[in-house]
Structure formats: C-alpha cells, structure tokens
Amino acid sequence: MVTIKTVLSGSIAEALELRVGSRIVRINGDIVRDGIDFRFLEAEPWLEVEVADPAGERVILEIEKDPAELLGIEPAPDPVRECANKCVFCFIDGNPEGVRQSLYLRDDDFRLSFAYGSYVTLTNLGAQGIARLIEQRLSPLYVSVHATEPWVRERILGVGRGGDVLERLGELVRGGIAVHAQIVLCPGWNDGPHLRRSIDDLWRLGEGIQTLSVVPVGLTRHNAHRPVRPLSPEEARDAIAAVERARGQALGARGYGWAYAADELFYLAGETLPGADYHDDDSLAENGVGALSDLLADFGAALADGAFHGNRVAVLTGTRVGAELRHAVAELAGGGGPRILPVPNRLFGSEVSAAGLMAGRDALAALAACGPFDLILVPATALNGDGVFIDDIPGSAIEGAARGARVVFAESFSEALAA
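On a predicted model such as this, the values are computed, not experimentally measured, just so you know. (Residues numbered from 1 in each chain as written. Predicted model: local features only at pLDDT ≥ 70, side-chain atom pairs only at ≥ 80, totals over all residues. Heavy atoms only, no water.)

Novice: What am I meant to see in helix 6 (residues 165-174) here?
Specialist: At 3.6 residues per turn, the α-helix brings residues three or four places apart onto the same side. Taken as a whole, helix 6 has its buried residues at V165, R168, L169, G170, L172 and V173. Looking at the packing, one finds that the buried side of helix 6 touches helix 4 (127-135), strand 7 (141-144), helix 5 (150-157), strand 8 (179-185), helix 7 (193-204) and strand 9 (209-216). (Buried < 20%, exposed > 50% of the residue type's maximum accessible area, 1.4 Å probe, protein only. Helix = DSSP H or I, 4+ residues; strand = E, 2+ residues; numbered from the N terminus. Contact = heavy atoms within 4.5 Å.)

Structure representation (structure tokens):
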C-alpha cells in the first residue's frame, strides 16, 4: 500500500476529504504495492478505492472520472529495494566515512531505474517481477549486465544467481521493454573474449537493447582492497577496439552507434576523446559517455568567443579535466584565459578525478591558495539537490570564501557565463 504524502488543492482527493497519512490499500480489487502501482491503477475511468485512515479505519470510495484525470494524491516515497549482491568492484565500498547518507544506499530497485535511470542487475526480480515490468510498460530500464556468460556474471556479482541475464533480457525485449545495458569492465574478470561475447550476445537480442555502455571499473583508496584493479592502457585499447567493432556493425545495420566506450576508457588508453558525433543523442552522459567531450567542446567555444575576456575568472574542476582545460587555455587563449584550478581529491584519493565527486573542503583549499577573482565557476554536478557537496559542506561556503567574487554553479560554461 502507499501512504498519502500530499493532497492537491482542487483535486478529487480533496473533494473526497482524503487525509495526509491515510493509506491506499486497493484499487479495483488490486493491492497497491507502491507508487508505480498507484499511478498505473488510477488511470482507469472507474475506480473502487479502499482507503485506510491514520487510525486504521477502512472505507471504500467509488469514483468515476476522465481517464486522464489524476486523483490529486502524491504518495510518500517507497522503501528502496536494496542490493543483495556482493560485486567484486562494489562502488559503495569505495565511499569514505562522512559523505552524504544517500551514497551508502545499496539500491537495486527497478523503480529507480525506470524513474531516474539508475542501473539495476535484475537479480531480485522473479518471474512475477518481470511480468509486472512488461504489464506496466516500465520502459526504458537500465541494466548492469557486466557479462552474459552465466558463470562469469555470477562470479562478478559474488552470488550464485543472476547468470540467466540473457533469458531475462530476452523476456523484457519480447515484452516491448527498451533496455540500456552497461558493462563495468574489470580486467581479468569480464574483459577480452568475455567482453566480445557479451557484446555479441546483447546485439543478437535485437533493437530492444537500445544501447550498450562499456565503463572501466572505478576504484578509490577506500576499496583498493577489492580483488580488481584498474585497466592498463593496453587493456583499455583492447576494450575500445571491441566496442568499435560493434559500432561499425551497428552504424551499418541500425544507423547509430549502439555501443559506446566511456570517456574514462579513452583516458586510460591514452587516446583522444572522440567527437560529438560518437555519442549520438548524448543520452548516456550521466554514465560517463560523452560528458567530458561535451564539456571540453563547450569550453573551447567559450574561449574562442572571448567570453572570458576582461574578467578574472577561476574554474574549479577535477584534476583530469583540469589538465585538459589548461591545455585548451594555453592553445586557444595564449595563456590569457580563465585560471583553471584542478582540485585534488583528498576525500576519495588521487585515483578519483571526477568533478561530481569533488569535496567541499578540497574545493575551499584550492580556492584559498589563489585569487582574487571576479567570477568563480563551480561544476553543479558537485552539489546535490540541496546545494551540498559530497562531504556535507554547503555550496554557500564557496561564496563565503570568494572574497567578493561572484560564484556560479552550472552544468556548462555557456550556462555559467549566461548567468
């Protein structure tokens, strides 16, 4: 059942005097398991709704409405399905103490995959769960495949289940569910011939597997004890070659790339990042596919347009991107562009260079050693929805340390300069 968090003004729910804290138990005889069930069931034109008030008293409401009209109820958030796998590279184990609590949540919830694009393994869904995904058309889904050979996948997941991923994906695709697949590449575990087989197996499932991202394993100083290691340059180049083979096939057969190597793979291989056309519609940027290419292109355009001219501008960013931005300044602006301040990641370790994992304390330390500035640009990805860095330092702390400079948090340089 779901609990009513909010009753919207002027809604059917308000007219029926439904109360915050009441629970929706059944609709048309079907148990309401969660918020997705509620949204799916409330779309009917005639409803018999069983409601339990905060005291536990139950009442049946009969409602006739337009199918497009909602009841005006916002359900409380559902409990998150947590992950029961023991992946050899577990990202959660790479988190230090003292970061925002949401980062410790081991989620493996298909509802978050459908709603927010988070990746799930499907290992906690039985036949009824798969049938529900198809019945309710929860598409697209984002699935961490890692390997299609049963023994390889189960070894990576660290549990004796999940090896039937091809069968499960086949059911979803035949049921009309679009899937974005992911392989986190661990050298010695699922690379080389295992990677090539996984790519071929996923391709053969047809166009329902809409994309495949190949992402190198990411380690911090907090999970370096895990039985995996980073890819060598040669291993990264081999992975890119496997992806390129699939891309050539996909471009000819489907008209788009289909398979994508994450930006980090190109860095590890010592190769130049591909151009914008490599990433097609940029829908996988949050998975590390194309985000850096877009950022560098945006920065280059701002430099070429003279957008930074006449201002003392500081750009806080991760160390790897910082090196690229400094190179662009030296080449395109003759050294006269903005001041690039790469922020070493002391919280996670030097292996981590992503701006989205920038700690507030590290940003403040980098800023304290420089200045003064007229404008300070900070990546918005470093903050959560509450405007807080990963170590619970508020973004306002940067403004407090800016010594009169204007601070702008933005997704891109063009957005920041326009603001």
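From this point on, the discussion continues.
Novice: Would you mind showing me how to read the sheet that holds strand 14 (residues 406-410) here?
Specialist: Pairing between sheet strands relies on hydrogen bonds along the backbone, with the strands arranged either parallel or antiparallel. With parallel pairing, four strands are arranged side by side in an open sheet as 12-11-13-14. A strand with exactly one partner marks an edge of an open sheet, and here the two such strands are strand 12 (339-342) and strand 14. On average, each strand axis in the sheet is inclined to that of its neighbour by 20 degrees, with strand direction left out of account. In this sheet, strand 14 lies alongside strand 13 (residues 375-379) in parallel orientation, the contact comprising five bridges. The residue bridging L375 from the neighbouring strand is R406, located in strand 14. (Pairing = 2+ DSSP bridges. Axes fitted to C-alpha atoms, helices over the stretch in contact; angles between N-to-C directions.)

Novice: I tried to follow the sheet that holds strand 9 on my own but got confused; where do I start?
Specialist: Pairing is parallel across the open sheet formed by four strands, whose spatial order is 7-8-9-10. At either end of the open sheet lies a strand with only one pairing partner, and these are strand 7 and strand 10 (259-261). Each neighbouring strand pair of the sheet contributes to a mean axis angle of 20 degrees, computed without reference to strand direction. The pairing of strand 9 with strand 10 spans three bridges and is parallel. Bridging across to strand 10, V214 finds its partner in A261.

Novice: Would you take a moment to explain unusual backbone geometry for this structure?
Specialist: One can expect most non-glycine residues to show negative phi and most peptide bonds to be in trans. Across the junction of S139 and P140, the peptide omega takes the value 0 degrees, indicating a cis bond. Of note, P140 is situated in the loop between helix 4 and strand 7. At E17, a position not held by glycine, the phi torsion is positive, near 60 degrees. Using a relative accessible area of 67% as the deciding quantity, one classes E17 as exposed. The backbone of R403 shows a phi angle near 55 degrees, a positive value even though the residue is not glycine.

Novice: How do you make sense of the packing of aromatic side chains when you look at a structure like this?
Specialist: Both the distance between ring centres and the angle between the ring planes are used here to describe each pair of aromatic rings. For the structure shown, the criterion picks out six aromatic pairs. Between Y119 and Y142, the aromatic rings sit 5.5 Å apart at their centres with planes inclined by 80 degrees, giving edge-to-face as the arrangement. Here Y142 lies in strand 7 and Y119 lies in the loop between helix 3 (110-116) and helix 4, a separation of 23 residues in the sequence. Each member of the pair, Y119 as well as Y142, is classed as buried. The interplanar angle of 55 degrees and the centroid separation of 4.8 Å between the aromatic rings of F299 and F413 together place this pair among those described as tilted. Note that F299 is positioned in helix 10 (residues 291-304) and F413 in helix 14 (residues 413-418), a separation of 114 residues in sequence. Since its relative accessible area comes to 7%, F413 is described here as buried. These aromatic residues form a ring-pair network of at least three members: Y260, F266 and Y278. A cation over an aromatic ring shows up here: R155 above the ring of W189, its NZ or CZ 3.8 Å from the ring centre. (Phe/Tyr/Trp six-rings, centres within 6.5 Å; stacked < 30°, edge-to-face > 60°. Lys NZ or Arg CZ within 6 Å of the ring centre and 35° of its normal.)

Novice: It is not clear to me how the confidence of the model for the chain should be interpreted in this structure. Could you clarify?
Specialist: If pLDDT is low for a region, its predicted coordinates should not be looked at in detail. Mean pLDDT for the chain: 91, with 100% of residues reaching 70 or above. Mean pLDDT across the secondary structure elements of the chain bottoms out at helix 14, with 75, and peaks at helix 7, with 98. (pLDDT = per-residue confidence, 0-100.)

Novice: Can you walk me through the nonpolar core in this structure?
Specialist: One recurring pattern in soluble globular proteins is that nonpolar side chains are buried together. One finds F89 and W258 to be the most contacted residues of the largest nonpolar core, which totals 65 residues. Looking at this core element by element, the count peaks at seven residues for helix 8 (residues 233-253). Not counting residues up to four positions away in its chain, the partners in contact with W258 are I199, L202, W203, I209, Q210, T211, L212, A246, A250 and D280. The next biggest cluster of nonpolar side chains, apart from the first, holds 20 residues, and it includes C370, A382, A402 and V407. (Core = buried A, V, L, I, M, F, W, Y, C linked by side-chain atoms within 4.5 Å.)

Novice: Got a minute to help me understand the pairing of strand 2 (residues 23-27) in this structure?
Specialist: Regular strands place side chains that alternate from one sheet face to the opposite one. Of the strand pairs in this sheet, strand 1 (residues 2-7) and strand 2 are connected by two bridges, and their pairing is antiparallel. When the bridges of strand 2 are listed, T3 appears paired with R23. Two elements, strand 2 and strand 3 (residues 30-31), share two bridges in a ladder whose sense is antiparallel. Bridge pairing in strand 3 places R26 opposite I31. Hairpin connection of strand 2 to strand 3: two residues between the antiparallel strands, including N28 at a positive phi of 55 degrees.

Novice: Which parts of the structure should I look at to understand the packing of helix 7 against helix 8?
Specialist: Think of two packed helices as two axes; the pair is described by the angle between the axes and how far apart they sit. Packing of helix 7 against helix 8 leaves a shortest axis separation of 10 Å and a crossing angle of 20 degrees. The pairing of helix 7 with helix 8 is recorded here as roughly parallel in orientation. In this structure, helix 7 meets helix 8 at a crossing whose hand is right-handed. Taken together, the residues of helix 8 that come into contact with helix 7 (itself represented by L195, R196, I199, D200 and W203) are D238, A239, A242, V243, R245, A246, Q249, A250 and A253. (Parallel < 35°, antiparallel > 145°, perpendicular 65-115°, else oblique. Left-handed = near helix turned anticlockwise from the far one by under 90°.)

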